[in-house]
Amino acid sequence: GDPDAGDPDAGDPDAGDPDAGDPDAGDPDAGDPDAGDPDAGDPDAGDPDAGDPDAGDPDAGDPDAGDPDTGDPDADDPDADDPDADDPDADDPDDETPEPEPEPLVSEKQIAPSGLAAAMKANEMFADSLIQRRASGLEPGEWSFWSTGFGGTQDVGRAKGVPGWNGDTSGYAFGVERLLHKTGKPVLIGAAGGRSEAAIKAGASRAKVHSTHIGAYANTSIDALFISGSLAYAWQDYKFDRGIIAPTSATIARSKTDGTSWAIKTEAFYDLLWMDETEDGRRPLAFGPVLALGSTTGNYQSFKENGAGILNLTYMDEHAYQTVIGLGGAGKIDTYFDQMHVEASLNLLWESVSGNRAIDTRARLDVANALFKPTSAAIDANRLAVGTDVKFHLGEDVYAQIRYDTTHSENLIEHEGWAGVTIRF
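Residues numbered from 1 in each chain as written. Predicted model: local features only at pLDDT ≥ 70, side-chain atom pairs only at ≥ 80, totals over all residues. Heavy atoms only, no water.

**Regarding the overall build of the protein**
In step 1: The number of helices and strands found in the protein is one helix and 17 strands.
In step 2: The burial tally for the protein puts 37% of its 425 residues in the buried class.
In step 3: For the protein, the proportion of contacts with a sequence separation of at least 24, taken over those separated by at least 6, is 64%.
In step 4: Here the protein displays about 23700 Å² of accessible surface, and carbon together with sulfur accounts for 53% of that area. (Helix = DSSP H or I, 4+ residues; strand = E, 2+ residues; numbered from the N terminus. Buried < 20%, exposed > 50% of the residue type's maximum accessible area, 1.4 Å probe, protein only. Contact = heavy atoms within 4.5 Å. Areas by Shrake-Rupley, 256 points an atom, 1.4 Å probe, with all protein chains shown as cover.)

**Section: helix α1 (residues 111-131)**
Given 3.6 residues per turn, any residue in an α-helix points the same way as the ones three and four places further on.
In step 1: Its 21 residues place the ends of α1 30 Å apart at the C-alpha level, agreeing with the 30 Å of an ideal helix rising 1.5 Å per residue.
In step 2: Judged by how many residues are buried, α1 sits mostly within the fold: 21 of 21 residues are covered. (Expected span 1.5 Å × (residues − 1).)

**Concerning the pattern of salt bridges**
In step 1: Enumeration over the complete set of coordinates arrives at 14 salt bridges.
In step 2: Across the pair D241 and R254 runs a salt bridge whose closest N-O atoms are separated by 3.2 Å. Linking D241 in strand β6 (residues 225-245) with R254 in strand β7 (residues 250-270), this pair joins segments that are 13 residues apart in sequence.
In step 3: Among the residues examined, D241 registers a relative accessible area of 17% and is labelled buried. (Salt bridge = Lys/Arg side-chain N within 4 Å of Asp/Glu carboxyl O.)

**Here we look at the environment of A378**
In step 1: Here A378 shows up in the loop between β14 (370-372) and β15 (382-393).
In step 2: Overall, the relative accessible area of 18% leaves A378 in the buried class.
In step 3: A sequence separation of 222 residues divides A378 from V156, and the C-alpha atoms of the two residues are 8.2 Å apart.
In step 4: Excluding residues within four positions of it along the chain, A378 makes contact with A159, R357, A358 and N411.

**Describing the packing of aromatic side chains**
In step 1: Under the definition given, this model contains ten aromatic pairs.
In step 2: Summarising the aromatic geometry, the rings of Y172 and F174 are spaced 6.4 Å apart at their centres and angled 20 degrees between planes, so their arrangement reads as stacked.
In step 3: Of the residues examined, Y172 reaches a relative accessible area of 42% and is grouped as partly exposed.
In step 4: Relative to W235, the ring of Y233 lies with its centre 4.9 Å away and its plane at 90 degrees, an arrangement referred to as edge-to-face.
In step 5: Accessibility expressed as a relative area gives 16% for Y233, which makes it buried.
In step 6: Judged by relative accessible area, W235 falls into the partly exposed class, the value being 44%. (Phe/Tyr/Trp six-rings, centres within 6.5 Å; stacked < 30°, edge-to-face > 60°.)

**Side note on the sheet that holds strand β13 (residues 363-365)**
In step 1: Within the open sheet, the four strands sit side by side as β9-β10-β13-β14. Their pairing is antiparallel. The open sheet has two edge strands, β9 (303-304) and β14, and neither has a second partner.
In step 2: Relative to strand β10 (residues 313-315), β9 is paired through two bridges, and the arrangement is antiparallel. Paired with F303 across the bridge in β10 is Y315. (Pairing = 2+ DSSP bridges.)

**Brief notes about the environment of A370**
In step 1: Mapped onto the elements of the fold, A370 is located in strand β14.
In step 2: If near-sequence neighbours (up to four positions away) are discounted, A370 is found in contact with A363, R364 and L365.

**Thoughts on the side chain of T406**
In step 1: Of note, T406 is situated in strand β16 (residues 398-408).
In step 2: Engagement of the side chain of T406 in a polar contact is seen with the backbone oxygen of E414, the distance being 2.9 Å.
In step 3: Ignoring any residue separated from it by four or fewer positions in sequence, one finds T406 in contact with L384, A385, V386, E414 and H415. (Polar contact = N/O pair within 3.5 Å; in protein donor to acceptor, adjacent residues only side chain to side chain.)

**Points about the side chain of R383**
In step 1: Within the secondary structure, R383 is located in strand β15.
In step 2: Judged by its relative accessible area of 6%, R383 falls in the buried class.
In step 3: Filtering out sequence-adjacent residues up to four positions away, R383 remains in contact with V324, L349, W350, E351, V353, T407, H408, S409 and L412.

**What about the pairing of strand β2 (residues 143-156)?**
In step 1: Here β2 shows a buried face lined by S144, W146, T148, F150, G152, Q154 and V156 and an unburied face lined by W143, F145, S147, G149, G151, T153 and D155.
In step 2: With 13 bridges joining them, β2 and strand β17 (residues 412-424) adopt antiparallel strand pairing. Opposite F145, over in β17, you have I423 as the bridge partner.

**Some thoughts on the pairing of β6**
In step 1: As defined by bridge partners, strand β1 (residues 106-107) adjoins β6 across two bridges and the pair is classed as antiparallel. Within β6, the position partnered with V106 by the bridge is I245.
In step 2: Bridge count for strand β5 (residues 205-222) against β6 is 17 bridges, and the pairing is antiparallel. Bridging from a neighbouring strand, A216 pairs with L231 of β6.
In step 3: As consecutive antiparallel partners, β5 and β6 are separated by two residues, and within that stretch D223 has a phi angle of approximately 55 degrees, a positive value.
In step 4: Judged from the 21 bridges that link them, β6 and β7 form a sheet pairing that is antiparallel. For R242, the partnering residue across the bridge sits in β7 and is A253.
In step 5: Where β6 folds back onto β7 in an antiparallel hairpin, the turn is made up of four residues.

Written out as C-alpha cells, the structure reads:
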C-alpha cells in the first residue's frame, strides 16, 4: 500500500531534479568564463583606443592627411610638369600675355607744317648758293657765268610728342656776275635763278615741294673786313599725301596748294692776319671771326583735301619765319698744289634759332566743324654748324667749286652739298 515502494528516489527531495547536486544550479552565469567581468560582451574591452574615432588611423593628427600634394615640392606651382616653364619663347597657354588693345585712328596732320618747313629750307639753300660767290680771279669790269647743283638731307627728330620728319632737297642754280670798282673798293654783284625739289616723309605721309627761285647778291671788302649778302625769292607748288591709319585699313587724303618764300643772308669776316698780297694778287692765309645772320619766311594758301571722304580736312592760309644768328671763326688758304691754283676755307659756327622753330598751322574737319592745330616737330634753339669750301682753278678763266655744310643739334641733323663751275669772260 506504499506508493513509493520500489522507487529508489523515494524520500529524496531532489529526485527528478537534473541540477540536484550541482553547486551552480540556479546561477545564470554558471559555466560562463566572463561571469563577474564588467567588460564581458564588450568587443573593445581591453582596447586603449576604445571610443577614439581616429583609433587605427595612421594619419590621425596629421594636418596634411588626405592631401595628394603632401610631400610634393612642386605643389602650388602652376608651371609644375611644364617642360617649357623657363622658356620665354615657349607657346605655353598658361604664360600667354593678353593681346594689346587695337591702335586708335592715326591721322598725320603734321605733314602740312612739316612740308612748309622743308619748303623754307629749299629756298634757304638757294640763298646759300649765292652768298658763297667770290670774285676769284676777276678783274674790274669782267663778267663770269656760273652754275651749280645742290642737295641736302634734313632729319628732324620727335619733339614734345610731335613726330619728326625726314627731307631730301635737290636743285640747281645759275647766274651771271660782274666785278666793279666803287670808291676804290672791289664790289661783286650778280643775279641768279634756279629750281629745286624737296621730298618729305612723316610716318605714312608724304609731301613734295617744287620751287622756282630768283635772287641777287653782292660782296665787297674794306681792307681786312669782308662783307657779303644775298636775297632769294621762290614760287612754290605743294603736293600732300596725308596718311590716315586705322587698325584694319588705311586711307590717303590728297591735296595741292601753292606758296612763296623769302630768304635773306648776310655775313661778315674780319681777317686778323691781313697778309700782304702776292704778285699775282693772292693773300696766302686768312683767319678771323665770322658773324652770320639769316632769315627765311614761307607761306602757303588754304587748300582742301580729297580722297578720304568725311575725314578730308581744310587747311587755312599759313605763314612762318625763322631767324638764325651764327658766331664763330673761319680760316682760309690760297695757294698752289702741283701747279694748280687752289682756294680752301673752313667755317665753324655756333648758331641760335628764333622764330617758328615749330610751325603751327590750322585745319578744320568740315563734317564736324572741328578745328585742329597741327604743328611740326620743333627744332632745337642752338646748334653747331661746320662748312668747308674748295675751289680748283682749272685754267685761266675756269674754276670748279665744291662745298659741304653740316648742322647738328639734339634733334636735328642736316647735310648739304654744292658742286659747280664758273667761266669768266
